[in-house]
Amino acid sequence: MGFLADFFMKKQIYLIDGTAYIYRAFHAIKNLSTAKGMPTNAIFGFTRTLLKLIKEKQPEYLSVFFDAKGPTFRHEMYKEYKANRPPMPEDLAVQIPYIKKVVTALNIAIVEKQGFEADDLIGTYARIAEEKGFQTVMVTGDKDFMQLVTENAVILDPMKEKLIDTNSIKEEYSLAPDQIIDMLGMTGDSADNIPGVPGIGPKTAIKLLNKFPSIEKIYENLDALKSKKSLHKKLTENREQAFLSRELVIIDRYAPGEQEIKEFKIKPFDQDSLADIFKELEFKKLYHEFAANNENIKKKYKCVTDLKDIKKLVKKLEKSKIFAIDTETTSKIPMLARLVGISFSFKEHEACYIPVGHDNSEKHDQPDIKDVIKLIKPLLENKKVKKTGQNIKYDYIVLVRAGIKMQGICFDTMIASHLLNPAVRRHSLDNIAMDLLGHKTIKYEDVAGKGKKEINFKEVEIKNAFEYACEDADITFLAYQLLKKQIQENKLEELMNSIEMPLVTILAEMEMWGIKVDKDKLTNLSKEFALELDIMEQDIFSLAGEEFNINSSKQLGEILFEKLKLPVQKKTKKKTGYSTDVDVLTKLAEKHELPEKILKFRSISKLKSTYSDALSGLIHPETGRIHTSFNQSITATGRLSSSGPNLQNIPVKRKEGKKIRETFIPEKGYLLVAADYSQIELRILAHCANDEILIEAFNNNEDIHTRTAAEVFQVFPDFITKELRRQAKSINFGIVYGMSAFGLAKELGISRKMAQTYIDNYFKRYKGVKNFIDATIEKTKKVGEVTTLLGRKRRINDINSSNNNLKKFAERTAVNTPIQGSAADLIKLAMINMDKALKEKSMESKMLISVHDEIVFEVPEKEVKKLVKLAEKIMEDVFDLKVPLKVNISSGANWAEAH
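For the structure given in this document, a descriptive report is provided here. Being a predicted model, the structure only gives us computed values, none of them experimental.

1. Let's talk about the overall build of the protein
- What the protein contains, in helices and strands, is 38 helices and 22 strands.
- Seen through its principal axes, the protein has C-alpha atoms that stretch 105 × 80 × 60 Å.
- Split into buried and exposed, the 899 residues of the protein put 51% on the buried side.
- Of the contacts formed within the protein by residues at least 6 apart in sequence, a portion of 68% connects residues at least 24 apart.
- When the accessible area of the protein is evaluated, it comes to approximately 43600 Å², of which 50% is carbon and sulfur surface.
- Computed over 141 positive and 128 negative side-chain charges, the separation of the two mean positions in the protein equals 2 Å.

2. Looking at the pairing of strand β10 (residues 350-355)
- Across the six residues that make up β10, a large majority, five, are buried.
- Of the strand pairs in this sheet, strand β7 (residues 300-303) and β10 are connected by four bridges, and their pairing is parallel. Of the residues in β10, the one forming a bridge with C303 is Y353.
- Here strand β9 (residues 339-347) folds back onto β10 in antiparallel fashion, the turn holding two residues, of which H349 has a positive phi close to 65°.

3. Some details on the packing of helix α20 (residues 429-437) against helix α22 (residues 462-489)
- Look at α20 against α22: their axes get within 10 Å of each other, and the N-to-C directions meet at 55°. With respect to each other, α20 and α22 are oriented oblique. Seen from above, α20 lies across α22 with left-handed handedness. Here α20 contributes L429, I432, A433, L436 and L437 to the contact with α22, which in turn contributes D472, I475, T476, L478, A479, L482, L483 and Q486.
- By residue class, the composition of the contact of α20 with α22 is ten nonpolar, two polar and one charged.

4. Considerations on a positive patch on the surface
- Taken together, K298, K300, K302, K308, K311, K312, K315, K316, K319, K347 and K374 make up a surface patch of like positive charges.
- Those elements that provide at least two residues to the positive patch are β7 and α16 (307-319).
- In terms of residue count, the dominant contributor to the positive patch is α16 (six residues).
- Here K298 is to be found in the loop between α15 (284-290) and β7.

5. Comments concerning unusual backbone geometry
- Cis geometry is found at the peptide bond from G644 to P645, where omega equals 5°.
- Even without a glycine there, the phi angle at S842 is positive, about 50°.
- In this structure, S842 sits in the loop between α36 (804-840) and β20 (846-851).
- Residue class for S842 comes out exposed when judged on its relative accessible area of 61%.

6. Description of the packing of aromatic side chains
- Considering all chains together, one arrives at 23 aromatic pairs under this definition.
- On the basis of an interplanar angle of 70° and a centroid distance of 5.1 Å, the ring pair of F44 and F283 is categorised as edge-to-face. In this pair, F44 is assigned in helix α3 (residues 41-57) and F283 in the loop between α14 (271-281) and α15, connecting sequence segments 239 residues apart.
- Look at Y219 and F243: their rings are 5.5 Å apart centre to centre, the planes differ by 40°, and that puts the pair in the tilted class. One end of the pair, Y219, is in helix α11 (residues 215-220); the other, F243, is in helix α13 (residues 239-249), with 24 residues separating them in the sequence.
- Accessibility expressed as a relative area gives 23% for F243, which makes it partly exposed.
- Chaining the aromatic ring pairs together yields one cluster made of F44, F269, F278, F283 and F290.
- A cation over a ring is seen here: R661 above W895, with NZ or CZ 4.0 Å from the ring centre.

7. Things to note about empty space enclosed by the protein
- Across all of its chains, the model carries four cavities of 30 Å³ or more by this definition.
- If you add up the space inside the largest cavity, you get close to 80 Å³.
- Along the lines of polarity and charge, the residues of the lining of the largest cavity split into four nonpolar, four polar and two charged.
- Space inside the second largest cavity adds up to approximately 60 Å³.

8. Some thoughts on the sheet that holds strand β3 (residues 109-111)
- Ordered in space as β3-β2-β1-β4-β5-β6, the six strands form an open sheet in which the pairing is mixed. Both edges of this open sheet fall to β3 and β6 (162-164), since each of them pairs with a single strand only. The mean inter-strand angle of the sheet, taken between neighbouring strand axes irrespective of direction, is 25°.
- When strand β1 (residues 12-17) meets strand β4 (residues 135-139), the two strands line up parallel, connected through five bridges. If you follow I16 over to β4, its bridge partner there is V139.
- Across the sheet, helix α7 (residues 118-131) lies against β1, β2 (61-65), β3 and β4, angled at about 175° from β1, the strand it touches most.

9. A closer look at the side chain of T413
- As for its placement among the helices and strands, T413 is situated in helix α19 (residues 413-420).
- Relative accessible area serves as the criterion here: at 0%, T413 is assigned to the buried category.
- With sequence-adjacent residues up to four places away left out, T413 is seen in contact with T388, G389, Q390, I432, T476, A479, Y480 and L483.

10. Let's talk about the environment of R426
- Within the element layout of this structure, R426 appears in the loop between α19 and α20.
- For R426, a relative accessible area of 59% puts it in the exposed group.
- Sequence-wise, R426 and Q241 are 185 residues apart; in three dimensions their C-alpha atoms are separated by 57 Å.

11. Remarks on helix α30 (residues 692-699)
- Taken together, the buried positions of α30 are I693, L694, I695, A697 and F698.
- Buried-residue contacts for α30 involve α29 (680-689), α31 (704-713), α34 (752-765) and α35 (767-783).
- Measuring from the side-chain oxygen of the N-cap residue of α30 to the backbone nitrogen of I693 gives 3.1 Å; that N-cap residue is D691.
- Backbone geometry just after α30 places N701 at a positive phi near 55°.

Calculation criteria
- Residues numbered from 1 in each chain as written.
- Predicted model: local features only at pLDDT ≥ 70, side-chain atom pairs only at ≥ 80, totals over all residues.
- Heavy atoms only, no water.
- Helix = DSSP H or I, 4+ residues; strand = E, 2+ residues; numbered from the N terminus.
- Buried < 20%, exposed > 50% of the residue type's maximum accessible area, 1.4 Å probe, protein only.
- Contact = heavy atoms within 4.5 Å.
- Areas by Shrake-Rupley, 256 points an atom, 1.4 Å probe, with all protein chains shown as cover.
- Lys, Arg positive; Asp, Glu negative; His and termini not counted.
- Charge placed at Lys NZ, Arg CZ, Asp CG, Glu CD.
- Pairing = 2+ DSSP bridges.
- Axes fitted to C-alpha atoms, helices over the stretch in contact; angles between N-to-C directions.
- Parallel < 35°, antiparallel > 145°, perpendicular 65-115°, else oblique.
- Left-handed = near helix turned anticlockwise from the far one by under 90°.
- Nonpolar A, V, L, I, M, F, W, Y, C, P; charged D, E, K, R; others polar.
- Patch = residues over 30% accessible without salt bridge, like charges linked within 9 Å, V, L, I, M, F, W, Y side chains within 5 Å.
- Salt bridge = Lys/Arg side-chain N within 4 Å of Asp/Glu carboxyl O.
- Phe/Tyr/Trp six-rings, centres within 6.5 Å; stacked < 30°, edge-to-face > 60°.
- Lys NZ or Arg CZ within 6 Å of the ring centre and 35° of its normal.
- 1 Å grid on protein atoms, 1.4 Å probe; cavity = no way out; pocket = protein on both sides within 12 Å on 5 of 7 lines; lining within 4 Å.
- Points joined across faces, edges and corners; volume = space filled by probe spheres on them.
- Polar contact = N/O pair within 3.5 Å; in protein donor to acceptor, adjacent residues only side chain to side chain.

The structure is reproduced here in structure tokens:
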């Protein structure tokens, strides 16, 4: 290490092989792109590597080298040079200009020259730098550069954090740096299509060069290798090729060096340009790092505690066109939350906070909550005064529980963010602030402590709370202004105003009403599941021949693959153990009973912990009901999801799932009524594809799976068995979800060839569907997005990817999103229309939950017939398709009976 220590004490210059690092970053990072679909993986990886190098090494001189387009002098020497190398992937090519923009904004010199590779230019400047007394660090992972290593030039591979000098080359290869050329000449390079000597690898080449120090010497001493007939023959037959290959791998140290070394001296970054680039590319952390400090913006945040001042604030808010509102509470769960304070904003960088529930405050520090509610109630219940919020459904519920039924809600920044970027799962105010405004918000832990010491907001002192609360309202108002414009530009106003926003208060009312569960039944069900699991556990131990931890993937893997010798399907991600995931166990279940038992054990265990055990703990202490939360900004297709508890994942067809649904019950004197759309996705497919057979079948009220079985299997309908219908059902839904022959074969337990025959037969008959799929994929490739019947949009980023797996997945997504998304939109529209009708008719029936294609109502027994008739009409007339929408409606004393 003595040499290297001395090396880094001298004046250094860093020469970066930019082209190599672009490719490495491109292949190392997957699935990174902007909301508009611009790939950014190579830019991000390259930028992070470059910034890390600058930060850690703090070089005084630095330059980045790129290959120029077009042939080089090596192509003149050998026309087949790099002939096998595919063209640069399109999703990498579009990133190159941005990478160069980043380098330019970092004020780093770029070196590239037509006819020469980056290697040659680095070799040239390494020589020039050495002549000028510099120590050169060549930043690359390319082994070819080892020929350039000298006492004054080393290689740094930052990806592997590896430094290569003359000593390390000697240790690894037993060669001097100049002998690397000879080694590469003999071994060749398949990536560059350099032939070398076929059959000679690095080990043989190194042995030869240890005996004879160069290719010339090897050929001068060929007679000494006659005893090794095979090697002698290879060398003899490929003499010309060996010397040519060596010429091709030699890095030119005398290429044109048109820039002066002094131009490589590090200069201050162009902060503004970097911030603009990183904002455009949606690199949030990098943008924040380089964005100008926005703390110089004067913010007028005020804590309002005097009732006279609150009255003045109310008058100002009444005159505003729209204002943002945000509540601070004691819990993230709205049905358990107590109001601590409310913040308002109707001007940029201005906000007010009214504290009402801080525990550690004197009486004069905050007004009485009853007085505040009395003053703000008329304002918040005035539908003419418009309100916006971030996840405003939460604020609505909190305020209703405090005695205010807020009206005039017209915009939700979280929902707008999701509509604009449905593939992104995070739409928090923190993310919106960073994405739209380049602003890093005050974190909750900054006012409430960190980790275990974090306190409830009611315990936060007002002086610490008000700026945090004001900022929430301020950022929400600023985000509203920007997001509203984007919603208009993207033609999403109709969807926002007609579906998503009206649904907010409907979902809030459903959440507040909740659903009743039979606590005793839940307790008994947990005991039943526990007993079943105990029996299954003994069966599993008997089949395994020993006791083990069933929940340990490692122990299970050892039992399955080492003891029982079942065929290994795949390793874990880290390749350190056996995978025992669902796919693996499902495949192994065909060969042994144990994997099948494990699958059932896991399933029942999850149902027990997630539902029968957990639901009792979710019963509200005041209402005696369970209050799930419905989410509008989670799924990319626009479907509602639910949490606390998640009602979407209760298995419908299995008896265990049915038992869980049996615990959901109505109040006394009521029934549960479930209205479930029949095959809505296939009906939407028929409409979108304009397929004659599908349209005819639905219009004639035929069983669509029987009809498909007849079409695909060429069998008369009267001869269709249950098994053939089941297979046809898998094909029907498989087509919607873009299922491949491999997937269908797996689903039906048939050969891939047979599955492909089924798919081919389907498309021969359902030509409209085939045309729809092809046209959708083709259009998506051009415009990069798909749209539902009601105008919901989704970017499909990888539709033109060079990675075939990503491309195929994107194609499937492009086809099924308009179908699934349209179904989601129609169900939401049906909920809005049902809510309106129930109120107009002053009915006591309530919508309770929406799960997939189903809406569940709690209905007084006297209203059941009326509700069934109403739901049937409204849900079936919700949208004019080329085929009729059909709803199956049933009622019962619990959810299972009503399904």
